Amino acid sequence: MARDLGVDAREVRRMKSGQASVKPSDVAFMRGRARKRAQAILRLVGDGLDAGPGPKRDPNAIRAAFEATIAAAGGT
């Protein structure tokens, strides 16, 4: 989170503890980042709601595809 916001990790801890204020723009930015990551995960593994058990997928291939999707979306 600190890297995404461009702040020191201590600043994020201060925000979490209530010692520092959180800007609405930072909240909006992180929500957007979380949505992109969630969408990337769902594209890779599916939501599982309407599909039965599928073929076993290689965890390394899933991780590599996820990281590539996040990098392409501008995340880290």
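Since the structure is predicted, the reported quantities are computational estimates derived from the model, not experimental observations.

**Examining helix H2 (residues 9–17)**
Part 1 of the reasoning: Looking at where H2 begins, the residue whose side-chain oxygen comes 2.8 Å from the main-chain nitrogen of Arg-10 is Asp-8.
Part 2 of the reasoning: One or two steps after H2, the chain reaches Gly-18, where phi turns positive at roughly 90 degrees.

**A short note on helix H4 (residues 59–72)**
Two residues of an α-helix separated by three or four positions point the same way, owing to the 3.6 residues in each turn.
Part 1 of the reasoning: Compared with an ideal rise of 1.5 Å per residue, which puts 14 residues at 20 Å, H4 spans 20 Å between its outermost C-alpha atoms and is within 8% of the ideal.
Part 2 of the reasoning: Positive backbone phi, at 90 degrees, marks Gly-74, one or two positions downstream of H4.

**Points about the pattern of salt bridges**
Where charged atoms from two side chains of opposite charge approach closely, those side chains can pair.
Part 1 of the reasoning: The full count for this structure, using the stated rule, is 5 salt bridges.
Part 2 of the reasoning: Residue Glu-11 is joined to Arg-14 by a salt bridge in which the shortest nitrogen-to-oxygen separation is 2.9 Å. Of this pair, Glu-11 and Arg-14 both sit in helix H2, 3 residues apart, which is roughly one turn of that helix.
Part 3 of the reasoning: By relative accessible area, Arg-14 is classed as partly exposed at 36%.
Part 4 of the reasoning: Its salt-bridge partner being Glu-67, residue Arg-63 comes within 3.3 Å of it at the nearest N-O pair. In this pair, Arg-63 and Glu-67 are both assigned in helix H4, 4 residues apart and thus about one turn of the helix distant.
Part 5 of the reasoning: Assessed through its relative accessible area of 43%, Glu-67 is described here as partly exposed.

Thresholds applied
Residues numbered from 1 in each chain as written. Predicted model: local features only at pLDDT ≥ 70, side-chain atom pairs only at ≥ 80, totals over all residues. Heavy atoms only, no water. Polar contact = N/O pair within 3.5 Å; in protein donor to acceptor, adjacent residues only side chain to side chain. Helix = DSSP H or I, 4+ residues; strand = E, 2+ residues; numbered from the N terminus. Expected span 1.5 Å × (residues − 1). Salt bridge = Lys/Arg side-chain N within 4 Å of Asp/Glu carboxyl O. Buried < 20%, exposed > 50% of the residue type's maximum accessible area, 1.4 Å probe, protein only.

It is worth stressing that arrangement in space is one thing and function is another; only the former is reported here.
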